[in-house]
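# Observations on the three-dimensional arrangement
If you want the building blocks of each chain, they are given just below.
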Amino acid sequence: MDVYFFNITVLRNRDVFNEKLKEVDESRIKKIKRLKNTDDRLRSLGAGLLINFVRNHYQVKEDLKTDKFGKPYFENSKIHFNISHSGNFVMLAVSQWDIGIDVQRMKLVRNRIAEKNFLPKECEYINELEDDQVKQQRFCEIWTIKEAYLKHQGIGLRKPLNSFEVDVTKETPLIVDHKELRVIQFKMDTRYVVAICANQKDEKFQLEEIVV
């Protein structure tokens, strides 16, 4: 798998934003203009730029489509991709098999959110230590893996997060009862947690920053 990331900070410059806006297609421009929040607009443009990069890098000529769950894909293409964004980062993972990626900026953990969405063992892992920073990271570890798994399956949050178990107590995180899947997890910029859910056959891993 190849994983690409883009830091949207450069797009805060209005001239750069307007110049890069010319590089994405009309549907992306309309989507960006519908967004009211500035950071949402920057992340949406960043997503469009990453998709353009992938199209050019892999010489994809097929049309970009969106399935009934809102997941983008290249029609009749041999490559699979998935995209996620949070804070200053937009990330995109590419594979020859189904793949899911999620990035989250760590923030204050609310126990009721964990208790509502996670299983008891997962909540125990989060609250094992009193350190708030550790709790934040552990919450994001579980959340991103669950999101990445659901995006790998192509169903988004239509399946409850507490309907399957994540085990992060071992050296390599895993999704219980899904040994056919591989989980990769790492941090970005100390404040972000990234999780990727991929096929076990997808042994390669390469991370690259895309700069404009």
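Cut-offs applied
- Residues numbered from 1 in each chain as written.
- Predicted model: local features only at pLDDT ≥ 70, side-chain atom pairs only at ≥ 80, totals over all residues.
- Heavy atoms only, no water.
- Helix = DSSP H or I, 4+ residues; strand = E, 2+ residues; numbered from the N terminus.
- Rg over C-alpha atoms; globule rule 2.2 N^0.38 Å.
- Buried < 20%, exposed > 50% of the residue type's maximum accessible area, 1.4 Å probe, protein only.
- Contact = heavy atoms within 4.5 Å.
- Lys, Arg positive; Asp, Glu negative; His and termini not counted.
- Charge placed at Lys NZ, Arg CZ, Asp CG, Glu CD.
- Phe/Tyr/Trp six-rings, centres within 6.5 Å; stacked < 30°, edge-to-face > 60°.
- Lys NZ or Arg CZ within 6 Å of the ring centre and 35° of its normal.
- Core = buried A, V, L, I, M, F, W, Y, C linked by side-chain atoms within 4.5 Å.
- Pairing = 2+ DSSP bridges.
- Axes fitted to C-alpha atoms, helices over the stretch in contact; angles between N-to-C directions.
- Arc of directions from axis to C-beta.

For the rest of this paragraph, the subject is the overall build of the protein chain. The helix and strand inventory of the protein chain stands at 6 helices and 11 strands. For a compact globule of 212 residues, the expected C-alpha radius of gyration is about 17 Å, and the protein chain comes in at 17 Å, within 12% of that figure. The dimensions of the protein chain, computed from C-alpha atoms along their principal axes, are 50 × 35 × 30 Å. Classification of the 212 residues of the protein chain by burial places 47% in the buried group. Within the protein chain, residue pairs in contact and separated by at least 24 positions form 57% of the contacts whose partners lie at least 6 positions apart. Across the protein chain, the centroid of the 37 positively charged side chains sits 6 Å from that of the 33 negatively charged ones.

Under the criterion given, the structure shown has 9 aromatic pairs. Relative to tryptophan 143, the ring of phenylalanine 139 has its centre 5.7 Å away and its plane inclined at 20 degrees; by these criteria the two rings are stacked. Pair noted here: phenylalanine 139 and tryptophan 143 are both in helix 6 (residues 132-153), with a separation of 4 residues, about one helical turn. Owing to a relative accessible area of 16%, tryptophan 143 belongs among the buried residues under this scheme. Taken together through their ring pairs, the aromatic side chains of Phe5, Phe89 and Tyr192 make up a single cluster. Its guanidinium or amino end placed over the ring of tyrosine 125, arginine 138 lies 4.2 Å from that ring's centre, counting from NZ or CZ. A cation sits over an aromatic face here: lysine 146 above phenylalanine 164, 4.4 Å from the ring centre.

Attention shifts here to the nonpolar core. Within the largest apolar cluster, 25 residues are counted, with the highest numbers of intra-cluster contacts made by Leu11, Leu45 and Leu92. Of all elements in the fold, only strand 1 (2-7), helix 1 (14-21), helix 2 (26-34), helix 3 (38-57), strand 4 (80-86) and strand 5 (89-95) reach the threshold of two or more residues within this core. With 7 residues, the single largest contributor to this core is helix 3. Ignoring any residue separated from it by four or fewer positions in sequence, one finds leucine 92 in contact with Asp2, Val3, Tyr4, Leu50, Ile51, Val54, Phe81, Asn82 and Ile83. The next biggest cluster of nonpolar side chains, apart from the first, holds 22 residues, and it includes Cys123, Leu150, Leu161 and Val166.

Moving on: the sheet that holds strand 11 (residues 206-209). An order of 4-5-1-11 is seen for the 4 strands of this open sheet, with the pairing classed as mixed. The open sheet has two edge strands, strand 4 and strand 11, and neither has a second partner. Taking each pair of neighbouring strands and ignoring which way they run, the sheet shows an average axis angle of 20 degrees. Sheet topology places strand 1 next to strand 11; 4 bridges connect them, and they run parallel. Bridge pairing in strand 11 places valine 3 opposite leucine 207.

Further remarks concern helix 2. For helix 2, the complete set of buried residues consists of Arg28, Ile29 and Ile32. The arc that holds the buried residues of helix 2, viewed along the axis, is 100 degrees, so those residues lie on one side. Helix 2 presents Ser27 and Arg34 as exposed residues on the side facing more than 90 degrees away from its buried surface. Looking at the buried side of helix 2, the elements it contacts are helix 1 and helix 3.

In space, the 3 strands of this open sheet follow the order 6-10-9, with antiparallel pairing throughout. Only two strands of the sheet have a single neighbouring strand rather than two, namely strand 6 (100-105) and strand 9 (181-188). Strand-to-strand, the axes of this sheet are offset by a mean angle of 15 degrees, without reference to chain direction. With 8 bridges joining them, strand 9 and strand 10 (residues 192-199) adopt antiparallel strand pairing. In the strand pairing of strand 10, methionine 188 is matched with tyrosine 192. Against the sheet, helix 6 makes contact with strand 6, strand 9 and strand 10, and its axis sits at roughly 150 degrees relative to strand 6, the strand it touches most.

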